[in-house]
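Take a look at the letters that make up each chain.
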Amino acid sequence: MFLLVAILACCVTGVTVFREKRAWDLIFSTLWFNGLLVLLVINVACCFFGRIWHRKLTTISFGMILFHLSFVAMFGAIVYDSLFFFEGSMRLTEGETLVNSSLESYDTVRQGRFFKFSQLKGETTLVKMHTGYRVDGDDKRAAYEVEVGEPGAKKKSIVYIGHNLDYNGFKYLPEKEGYSTAVYLYDKGGANLYGAHVPLQSYRQKDKSFMYSTGEKESPGVFPFPQGAADPLFYLQVVYRPSPVTERGGEAYFQVWPYGKADTMPGDKPLASGKGAIGEKVAAGDYSLSVNEIRYWVGMNIRHNPAKPVILGSLWVGLAGMIITTFGRMKQGGRAGKGA
Amino acid sequence: MKPELVCFWIAVGLYGVSTFSYIFGLIAKYDKLFLVGLLSALVGFIPHTASIALRWMAGGVEPFITISESLTFGIFVTILIFLIVQFTVKRVQLLGVLVMPISFVLLGWAGTLMKEVASSIAPALQSYWLWVHIVGAAVGFASVLIAAALGLMYLLKERNSGGIYDRLPELGAVDRLSYRFVAAGFIMYGLMIISGAYWSNSVKGNYWAWDPVEVWSLISWLMYGIYLHLRVTFGWRGSRLAWYSLIALVVMIVSYWGIPFGVETFHSGFRIEH
């Protein structure tokens, strides 16, 4: 009982005082909290099975055994899963392929102590992002056409909310999606100097519309352009306004600031700015810029939880145990009432 | 005013009449007022049902997505089970003293939170698990509310005698009935948690995320698990369990509607946008 109360107190603290990631870091993911859970399971197993051992099997005791067994099995599976799980977040632009076993293919990764990256086989390709995707008349909004597997033997599927791709025990789940702009740089004579796909973030505006811009998760921002160059030419911000009529059409806005002056950022007057339709060049000082193509990028969660079937199955067994015990007790109560 | 809202507020008004009839009936020890309370609840249930049906027909979307819809549906199931108990179990008129005021207040609160009818449902909610989850939650809540009302009835009968109290069932019978409703609530709440885990697994790939609503649901489920252990293993009976069921009800109401109302959780709506 003390253990149960302590766990309940931790849960209340976790969701009222700390909340979300802080609660996860400080309580729910810690060794001591999981240790408390393990102690609770051992306690339940010892107390219950010690008491029921050698007793006559009745409907009530059968139900109780089922319930407590499911409880122990569930926690055993949770512990096993925590040692062998994998959870990764992969971001792909349409047409892009990433190698599954490479750590660089993931934005974030969490794994159990005994998980081996060699279990991640093959590669993942985002073929296309479908908007307004419908299944039996239901609007699924966004669906990702994905290929996973070894070259030449890939499994292809459409992934949308509630419909995941399962490959080799790894589940591919939709998470988020956004626009990616193909930004090109030209010199004065119009010669193409550089081109790259730049993913945009979405920001909800006060009027509930969205703004699509380069930047960080929380706020719009700039990036050195050309990307990865030893000596970038300037800081660039790209904003895209989708066309309400043409899919992947619309306008792109550019703003550039001199590179190297860390204190010259959005808020100060830009060196140059302008807008143009998709494919149209916009002057930016001695150069010109254009967005030649709009693609989508998608973020997918890739999960591997080897003990999950046992965990989820235990829940049903536990419920069955509860129902059997309750009916047994009602039957017993009814007989006692009649006897009296 | 839309017909759906007219029906809704008529139902709230009739539940209000029912509430005051039960409370004054208890204060005045005049059980004819309990009959007025029961009839008001019965008549109020008709426009309550109509308001849910009209909302459903207007949007074509299951009417238990928002907090106000969830409250409305939860109270609908509560009143339905309350009426079934009133017409099938003898001499339990006093149940309305707790059931009707809570139903009246929660339904009135739902009215203040009501939004326009949704014309489409988010992809994450397009699942049959939604039905299992919501029905489990609503029936679970109704069961433990009635168990708590039986607990209150037990405490009132134990401390008073004469008049309406003599016409109540024996204390032992009330105690047993309360226990059965707790057991039913425990099972239905368990079903709600399991269906939620399966649903979350199909949508997000995880069965448990330590979300505030999940944790509070677990807390209230464990509260009733402790109730059952106190009764079965430790042999608790009577007033101690009656008090326990009343306290556990508060936890249940907080976890069911208080948390999603006050804290931003994924239960406040799935937000998958680009």
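By the naming in an unreviewed UniProt entry, chain B is Cytochrome c-type biogenesis protein CcsA/ResC, taken from Citrifermentans bremense. Here chain B is described in UniProt, under the heading Subcellular location (unreviewed entry), as follows: "Membrane".

Undergrad: Explain the sheet that holds strand S5 (residues 138-150) of chain A to me, please; I cannot follow it from the model alone.
TA: As a general point, the strands of a sheet are linked pairwise by backbone hydrogen bonds and lie either parallel or antiparallel. Residue and element names in this part refer to chain A. Pairing within the open sheet is antiparallel, and its four strands lie in the order S2-S4-S5-S6. Of all the strands in the sheet, just strand S2 (97-99) and strand S6 (153-159) have a single pairing partner and so form its edges. Ignoring strand direction, the axes of neighbouring strands in this sheet form an average angle of 25°. By the bridge criterion, seven bridges tie S5 to S6 in an arrangement that is antiparallel. Pairing of Val 148 across the sheet is with Lys 155, part of S6.

Undergrad: Please explain the packing of aromatic side chains as it appears in this structure.
TA: By the definition in use, this model includes 38 aromatic pairs over all chains. Between Tyr179(A) and Tyr212(A), the ring centres sit 4.8 Å apart and the planes meet at 90°, which makes this aromatic pair edge-to-face. Of this pair, Tyr179(A) sits in strand S8 (residues 170-186) while Tyr212(A) sits in strand S11 (residues 210-213), placing them 33 residues apart in sequence. Residue class for Tyr179(A) comes out buried when judged on its relative accessible area of 8%. Taken together, the aromatic side chains of Phe45(B), Trp56(B), Phe64(B), Phe73(B), Phe76(B) and Trp131(B) make up a single cluster linked through ring pairs. Looking at Arg91(A), its charged tip hangs above the ring of Trp297(A), at a distance of 5.4 Å from the centre. For the cation-ring pair, Arg240(B) lies above Trp236(B), with the distance from its terminal atom to the ring centre recorded as 4.2 Å.

Undergrad: What is the right way to read empty space enclosed by the protein from this model?
TA: Gaps between atoms show up when a probe of the same size as a water molecule is rolled over them. All names here are of chain B. Under the definition given, this model contains five cavities of 30 Å³ or more. Of the volumes computed, that of the largest cavity is approximately 80 Å³. What lines the largest cavity is simply Glu 4, Phe 8, Ser 51, Ile 52, Arg 55, Pro 63, Glu 69, Thr 72 and Met 114. Those elements that place two or more of their residues in the lining of the largest cavity are helix H1 (3-28), helix H2 (32-59) and helix H3 (67-88). Looking at the lining of the largest cavity element by element, the count peaks at three residues for H2. Class assignment of the residues belonging to the lining of the largest cavity gives a composition of four nonpolar, two polar and three charged.

Undergrad: Would you take a moment to explain the pattern of salt bridges for this structure?
TA: Any two side chains of opposite charge can pair, on the condition that their charged atoms come close. All names here are of chain B. One pass over the full model with this rule turns up 16 salt bridges over all chains. Its salt-bridge partner being Lys 2, residue Glu 116 comes within 3.1 Å of it at the nearest N-O pair. Of this pair, Glu 116 sits in the loop between helix H4 (96-113) and helix H5 (129-159) while Lys 2 sits in the segment before H1, and the two are 114 residues apart along the sequence. Looking at Lys 2, the relative accessible area reads 39%, which means it is partly exposed. Ionic pairing is found between Glu 69 and Arg 55, a salt bridge with its closest N-O pair at 2.8 Å.

Cut-offs applied
- Residue positions are counted from 1 within each chain, in the order its sequence is given.
- Chain labels run from A onward and ligand labels from 1 onward, assigned in the order the entries are written.
- Local features in this predicted model are restricted to residues whose pLDDT is 70 or higher, and side-chain atom pairs enter the listing and the counts only when it is 80 or higher, whereas totals over whole chains, interfaces and linings include all residues.
- Computation of side-chain values covers all heavy atoms of the structure but excludes hydrogens and water.
- UniProt positions are given in the numbering used here, feature names are shortened, and annotations may be inferred rather than shown by experiment.
- Each pair of strands is called paired provided DSSP finds at least two bridges between the two strands.
- Put simply, DSSP marks the helices as runs of H or I at least four residues long and the strands as runs of E at least two long, and each gets a number from the N terminus on.
- Note on geometry: axes are lines fitted to C-alpha atoms, helical ones only across the stretch in contact, with angles between N-to-C directions running from 0 to 180 degrees.
- Each Phe, Tyr or Trp ring (for Trp, its six-membered ring) is paired with any other whose centre lies within 6.5 Å, and the angle between the two planes then decides the class: stacked below 30 degrees, edge-to-face above 60, tilted in between.
- Only protein chains enter the accessibility calculation, which uses a 1.4 Å probe; a residue whose area is less than 20% of its type maximum is buried, one above 50% is exposed, and one in between is partly exposed.
- Comment: the charge-over-ring label is applied if NZ (Lys) or CZ (Arg) is within 6 Å of the ring centre and within 35 degrees of the ring normal.
- Of the two site types, the cavity is a set of points on a 1 Å grid over the protein atoms alone where a 1.4 Å probe fits but cannot get out, and the pocket is an open set with protein on both sides within 12 Å along at least five of seven lines, each lined by residues with an atom within 4 Å of a point.
- Grid points are joined across faces, edges and corners, and a volume is the space filled by probe spheres set on the points.
- Amino acid classes used here: Ala, Val, Leu, Ile, Met, Phe, Trp, Tyr, Cys and Pro are nonpolar; Asp, Glu, Lys and Arg are charged; the rest, including Gly, are polar.
- Note on definitions: salt bridges are taken to be side-chain nitrogens of Lys or Arg within 4 Å of carboxyl oxygens of Asp or Glu.

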